[in-house]
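Understanding the architecture of this molecule
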Amino acid sequence: MSIATTDLAGLVQPAKGTVSRQVYVDQGIYDHELERIFTRSWLFLGHTSQLAQPGDFLTTYMGEDPVIVARGKDGQVRAMLNSCRHRGMRVCRSDEGNTSFFRCPYHAWTYSNTGELTGVPKFRLGYGGVLDKKEWGLLEVPRVEEYGGFLFGNWDAGAVPLTEWLGDFRLYFDLVFGRDPEGVEFVGGVHKWSVRSNWKIPTENFACDMYHVAHSHARSMEIGLLGPSGDDGYEIAAGMGFLGNGFGPPASADAEGAPVHPMATMATPYSEHLAAQRARVAERYSQEMSRVVPGGHGNVFPNFAFLDIELLRLVRVHHPEGPGSHTVHQWCVVDKSLPAEVKDALRRQYTLTFGPSGMLEQDDGENFRECQASMRGVIGRRMENNLMLGLGQDRTGAEIVGDGDAPGAGGGIWSEANQRRWYEHWLSFMTGQVRR
Ligand code: FES
Ligand code: FE
């Protein structure tokens, strides 16, 4: 019997703070995730700044399914399964570009940028007029919606609207991506790399794991890439929020804006821009709410993640690729109204730190790969992982941020409350209890 049909609730016990290692290595559980989670969740597709003109497109994945996301000649953004209706070839192999059509490399069936089948070689001779092109367009993802320029798709036509999916987490999403009156833009194209670890391992890290920073990234602190080394001052009331389908970010500054943990500061010379952002947030919401600027890291269930340090921001998706592997798609994100030289400096800083060869990404890539390697053995996989940090110490969002209107709840900075809540969520999808 596949383990996916046994008692999943016995494997994952968020209230106790334990997770069976089977969830990282078992093929049956993985297949169940693709079916239960990835066909029913809002999955990040891209940003409108990447698809500004009719014909602009990018390619990505929804679970393991490849998709093309394109702004059609009619101006509408669609997501379509990147699989030729003839015999299944991936129709588009480019990361991004602009085109009026997609031509399959195998036998050259051609589709418009709105997905209709428009060209079939030997149409008259070979198909004798019996092929109805209208029936054989690319399969369209039934729901594509946008929040603040961030495009998400869902295979479930009956899914709740994206805004409802994000719920009260929208406030924190706005605090990360909506601080600039002009919004954000994606710069420098996509970075892609594969890591031999289950997709949930980096997802737990982004959910958000502050516990590892001072240890895994100690060298980066020593050379000034991150804030001051050691634990000094980090016990101040920082915390994390989780609500709806969002997890993190923490309140990472004190009421005066001083950082309270290492992820809150990097040695950048652009602090006046950050101070201006914090002042705007204080004016729009409250002084206390501006403590969430910058926000460390966080994610939106299941596999969209973000990081926010000073002015540096990135977003990424952990695409599942079998139980033992995932591929990261990651972009550098900057505030639109920043001067061009600041945007360029941020892009370079992003590459140095969290790009595929960045110092901090190298630290974490090794963490993720080595966790997987030690858990996949026949003995290692029988054990449980421990998510007990901060168990029983949850506080409300209002207590964490110090503003009575701050929604959600969370743990302190030394807490795996978000990870526990994430697995509660995972369990509700996997056992079919999720609301629609
Ligand atoms: Fe695409 Fe044949 S598989 S044209
Ligand atoms: Fe890290």
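Fair warning: this is a prediction, and the values are worked out from it, not measured in the lab.

Turning our attention to the overall build of the chain. Per the secondary structure count, the chain includes 14 helices and 22 strands. The buried share of the chain, reckoned over its 436 residues, is 58%. Nonlocal contacts in the chain, meaning residues at least 24 apart in sequence, comprise 67% of its contacts between residues at least 6 apart. Carbon together with sulfur atoms contributes 49% to the accessible area of the chain, which is approximately 17500 Å² in total.

Attention now goes to helix 10 (residues 271-284). Here helix 10 contains 14 residues, and its C-alpha end-to-end distance of 20 Å stays within 8% of the 20 Å for a straight helix at 1.5 Å per residue. Every buried residue of helix 10 is listed here: Leu274, Gln277, Arg278, Val281 and Ala282. What you see down the axis of helix 10 is that its buried residues fit within an arc of 140°, all on one side. Pointing more than 90 degrees away from the buried face of helix 10 are the exposed residues Glu283 and Arg284. On its buried side, helix 10 packs onto helix 6 (169-177), strand 18 (312-320) and strand 19 (326-335).

The three strands are arranged 1-2-20 in an open sheet whose pairing can be described as antiparallel. The open sheet has two edge strands with one neighbour each: strand 1 (12-13) and strand 20 (384-386). Examined bridge by bridge, strand 1 and strand 2 (residues 18-20) share two bridges and lie antiparallel to one another. The residue bridging glutamine 13 from the neighbouring strand is threonine 18, located in strand 2.

With that settled, consider the packing of aromatic side chains. Summed over all chains, the structure comprises 26 aromatic pairs. For the pair phenylalanine 150 and phenylalanine 177, a centre-to-centre distance of 4.6 Å together with 45° between the ring planes defines the contact as tilted. With a gap of 27 residues between them, phenylalanine 150 in strand 12 (residues 150-154) and phenylalanine 177 in helix 6 connect regions that are remote in the sequence. The burial state of phenylalanine 150 is the same as that of phenylalanine 177; both residues are buried. Ring centres 6.3 Å apart and planes at 75° place the aromatic pair phenylalanine 150 and phenylalanine 304 in the edge-to-face group. Note that phenylalanine 150 is positioned in strand 12 and phenylalanine 304 in strand 17 (residues 304-309), a separation of 154 residues in sequence. Neither phenylalanine 150 nor phenylalanine 304 differs from the other in exposure class; each is buried. Each residue in the set Phe44, Tyr147, Phe150, Phe152, Phe169, Tyr172, Phe173, Phe177, Phe186, Phe304, Phe306 and Trp331 is aromatic and connected to the rest through ring pairs, giving one cluster.

Each angle at a metal carrying four tetrahedral donors should ideally be 109.5 degrees, and each at a metal carrying six octahedral donors should ideally be 90 or 180 degrees. For the iron ion (ligand 2), every protein donor is listed as His212 (NE2), His217 (NE2) and Asp364 (OD), and the spread of their distances is 2.0 to 2.1 Å. Sequence positions of the residues that donate to the iron ion (ligand 2) give the spacing H-x4-H-x146-D. A residue pair is termed long-range when its members are at least 10 positions apart, and histidine 217 in the loop between helix 8 (213-216) and helix 9 (218-222) and aspartate 364 in helix 12 (residues 359-375) qualify at 147 residues. For the residue pair histidine 217 and aspartate 364, the accessibility class agrees, reading buried in each case.

Time to look at the environment of aspartate 74. Summarising the element assignment, aspartate 74 is placed in the loop between strand 5 (65-71) and strand 6 (77-81). Linking aspartate 74 and threonine 114, residues 40 residues apart in sequence, is a C-alpha distance of 7.9 Å.

A surface patch of like charges, here negative, comprises Asp31, Glu64, Asp65 and Glu321. For aspartate 31, the location among the structural elements is in helix 3 (residues 27-36).

Strand order across the open sheet formed by three strands is 3-12-11, with antiparallel pairing between neighbours. Bordering the open sheet on either side are strand 3 (43-47) and strand 11 (143-147), each of which pairs with just one other strand. When the angles between neighbouring strand axes are averaged without regard to direction, this sheet yields 30°. Of the strand pairs in this sheet, strand 11 and strand 12 are connected by five bridges, and their pairing is antiparallel. For tyrosine 147, the partnering residue across the bridge sits in strand 12 and is phenylalanine 150.

Moving on, we get to the pattern of salt bridges. Counting across every chain of the model gives 15 salt bridges. For the salt bridge of glutamate 33 with lysine 200, the shortest nitrogen-to-oxygen distance reads 2.7 Å. In this pair, glutamate 33 sits in helix 3 while lysine 200 sits in helix 7 (residues 200-205), placing the two residues 167 residues apart along the sequence. Like glutamate 33, the residue lysine 200 is buried in the burial classification. Of the charged contacts, one joins arginine 348 and aspartate 344 as a salt bridge, the two residues approaching to 3.5 Å between their closest N and O atoms. With arginine 348 and aspartate 344 both in helix 11 (residues 340-353) and four residues apart, the pair spans about one turn of that helix. The partly exposed category is assigned to arginine 348, whose relative accessible area is 48%. Looking at aspartate 344, the relative accessible area reads 31%, which means it is partly exposed.

Conventions and cut-offs
- Residues numbered from 1 in each chain as written.
- Chains lettered and ligands numbered in written order.
- Predicted model: local features only at pLDDT ≥ 70, side-chain atom pairs only at ≥ 80, totals over all residues.
- Heavy atoms only, no water.
- Helix = DSSP H or I, 4+ residues; strand = E, 2+ residues; numbered from the N terminus.
- Buried < 20%, exposed > 50% of the residue type's maximum accessible area, 1.4 Å probe, protein only.
- Contact = heavy atoms within 4.5 Å.
- Areas by Shrake-Rupley, 256 points an atom, 1.4 Å probe, with all protein chains shown as cover.
- Expected span 1.5 Å × (residues − 1).
- Arc of directions from axis to C-beta.
- Pairing = 2+ DSSP bridges.
- Phe/Tyr/Trp six-rings, centres within 6.5 Å; stacked < 30°, edge-to-face > 60°.
- Donors = N, O, S within 2.8 Å, 3.2 Å for Na, K, Ca; no water.
- Patch = residues over 30% accessible without salt bridge, like charges linked within 9 Å, V, L, I, M, F, W, Y side chains within 5 Å.
- Salt bridge = Lys/Arg side-chain N within 4 Å of Asp/Glu carboxyl O.
- Lys, Arg positive; Asp, Glu negative; His and termini not counted.
- Charge placed at Lys NZ, Arg CZ, Asp CG, Glu CD.
- Axes fitted to C-alpha atoms, helices over the stretch in contact; angles between N-to-C directions.

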